[in-house]
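# Architecture at a glance
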Amino acid sequence: MNFDLDPADAAFQAEMRAFIRQALPADIARRGRQGFHATHDDVQAWMRILNARGLAAVHWPRQHGGTDWSPLRRHLFQVELRAAGTPVPDQAALELVGPVIYTFGDEVQKARYLPAILNADTFWCQGFSEPNSGSDLASLKTRAVRDGDHYVVNGQKTWTSEAHKADMMFALVRTDGEARPQAGISFLLIDMKSPGVSVRPIYTINEGLSVNEVFLDNVRVPAENLVGEENRGWGYAKFLLTNERTMSAETPHTAFDLEQVKQIAAVERRGGRPLIEDPLFAARLARFEIELRALEAAVLRVLHMGENDPALNATASVLKLRGSELRQRIADLAVEALGDHGLAVFPDVEGQDNMDVLAPVPPAPDYAAGWLSRAMFRRATTIYGGANEIQRTIIAKSVLGL
Ligand SMILES: Cc1cc2nc3c(=O)[nH]c(=O)nc-3n(C[C@H](O)[C@H](O)[C@H](O)COP(=O)(O)OP(=O)(O)OC[C@H]3O[C@@H](n4cnc5c(N)ncnc54)[C@H](O)[C@@H]3O)c2cc1C
């Protein structure tokens, strides 16, 4: 298989690379390369630079502020963004709720929410999972009861990524307790500043803060914040979850990680020579490169598929499965390549304004930054976006007919 780009796509890639390198502020780039969760301010600043160029959501349709680029060009752009260390944007907004709003939302919702997402004026979080409803999402219990021109919402969400920074939450709520589980669910947009919303942090194994519990206590949500039709939310959620699984392959991130591992292995020494010259280690790197290339090719195939392609569901599950495992294994390889430096803990930067003052314990070179933390947090890649055991069941049913 030939992975070379044709001249027009190669020129496009070079143009985007040059634009990103020139437009990305140096301090944001340095923090991005350290691999921690990006701060709210960095994400916002970078998104606004992209938006000014019409590049905030290149995968959206042009009429909603996107582009008409080919899937390959959209992919190349993402690879270049990651390679330059740009902050990871608000994916809940750009990848998840944005497409739901422009596909199923009304004109008022499109006008209100889409430009604010593109300009990072509004940050979003995803309120799907509940304490007893994760894999079995359709059993969710958060209730929304219609009261005049409002819904009154009561319940609890959990594992809600970035809820502590979010302005809005898109939530699945039960609006019909009598219907079969999937038929009684609606898709509601909830202002996080509404009275009755409270957020409690969950600190993860790397001592970082990205996930939260969200409590909803008699929260009044305007009925105009219902997306699509009442009790049809499960259909919109399935559309969103397919996008989420495809995104979960995260190949541009993995490509960035692999490059970093190569750089580490070129500096770290074992047995009197750079690690990268060790044939066994080099062979492992090559194996990762091959797996990554194969996964990229599969992602591109999915991006070319129509939304209604019957193979989409299972293929998205395959991408999620392979991509999440690869992300974990590469982070583990980086820590291994770092040797003693792999033990260095860089104090987590969440909520801190100035990362540059943070020194690792014990002392370690810059290139060790964040890897131990990343490797620990990566345990979650095989859980979020739908646990991998569930993806295997989807594949077993829809591909193998079991
Ligand atoms: C870091 C992180 C971020 C997240 N962010 C969000 C977010 O922003 N918004 C949101 O709504 N959710 C979020 N989640 C939640 C995530 O979607 C759920 O954790 C996931 O769907 C699994 O659900 P659960 O945790 O309830 O586990 P459970 O469903 O209780 O599963 C526990 C274990 O049992 C296995 N299992 C369950 N059922 C079956 C079955 N039928 N067959 C075989 N094995 C099974 C699972 O695979 C898993 O290994 C996040 C999770 C993590 C870890």
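Scroll up to find the structure this text is about.
Structure report, in brief. None of these values were measured; they are calculated from a predicted model.

### Details of a nonpolar patch on the surface
Judged by side-chain polarity, Val399, Leu400 and Leu402 come together as a nonpolar surface patch covering roughly 350 Å² of accessible area. Positionally, Val399 belongs in the segment after helix 12 (388-398). Overall, the relative accessible area of 52% leaves Val399 in the exposed class.

### Section: the nonpolar core
Trp124, Phe170, Phe187 and Leu189 are the most contacted members of the largest nonpolar core, which has 36 residues in total. Put simply, the parts of the chain that give this core at least two residues each are helix 3 (40-52), helix 5 (91-104), helix 6 (107-118), strand 4 (168-174), strand 5 (185-191) and helix 7 (233-247). Ranked by residues supplied to this core, first place goes to helix 5 with eight residues. Grouped together as the second largest cluster of nonpolar side chains are 29 residues, Phe281, Val302, Leu319 and Trp371 included.

### Notes on the packing of aromatic side chains
Counted by the stated rule, this structure contains 10 aromatic pairs. Relative to Tyr102, the ring of Trp60 lies with its centre 5.5 Å away and its plane at 70°, an arrangement referred to as edge-to-face. Residue Trp60 is located in the loop between helix 3 and helix 4 (71-83), and its partner Tyr102 is located in helix 5; the two are separated by 42 residues in the primary sequence. Each member of the pair, Trp60 as well as Tyr102, is classed as buried. An aromatic cluster is built from Tyr113, Trp124, Phe128, Phe170 and Phe187, whose rings are joined through pairwise contacts. Just above the ring of Phe19 sits the side chain of Arg53; from NZ or CZ to the centre is 4.1 Å. The cationic tip of Arg374 hangs over the ring face of Trp371; the distance from NZ or CZ to the ring centre is 3.7 Å.

Basis of the calculations
Residue indices follow the written sequence of each chain, beginning from 1 at its first position. Per-residue local features of the predicted model are confined to residues with pLDDT of at least 70, and side-chain atom pairs are confined, for both listing and counting, to 80 or more; whole-chain, interface and lining totals are unaffected and use all residues. To get the side-chain values, take all heavy atoms of the structure and skip hydrogens and water. Any residue with relative accessible area above 30% and no salt bridge may belong to a patch, with like charges joined within 9 Å and the nonpolar Val, Leu, Ile, Met, Phe, Trp and Tyr side chains within 5 Å. Note on areas: Shrake-Rupley, 1.4 Å probe, and residue coverage restricted to the protein chains presented here. Any carboxyl oxygen of Asp or Glu that lies within 4 Å of a side-chain nitrogen of Lys or Arg is treated as forming a salt bridge with it. Put simply, DSSP marks the helices as runs of H or I at least four residues long and the strands as runs of E at least two long, and each gets a number from the N terminus on. Exposure classes here rest on a 1.4 Å probe applied to the protein chains alone. A residue is buried below 20% of its type maximum, exposed above 50%, and partly exposed in between. Nonpolar cores are built from buried Ala, Val, Leu, Ile, Met, Phe, Trp, Tyr and Cys residues. Side-chain atoms within 4.5 Å join them into one set. Two aromatic rings from Phe, Tyr or Trp, using only the six-membered ring of Trp, form a pair when their centres are within 6.5 Å; if the ring planes differ by under 30 degrees the pair is stacked, by over 60 it is edge-to-face, and anything between is tilted. A ring has a charge above it when a Lys NZ or an Arg CZ is no more than 6 Å from the ring centre and no more than 35 degrees off the ring normal.

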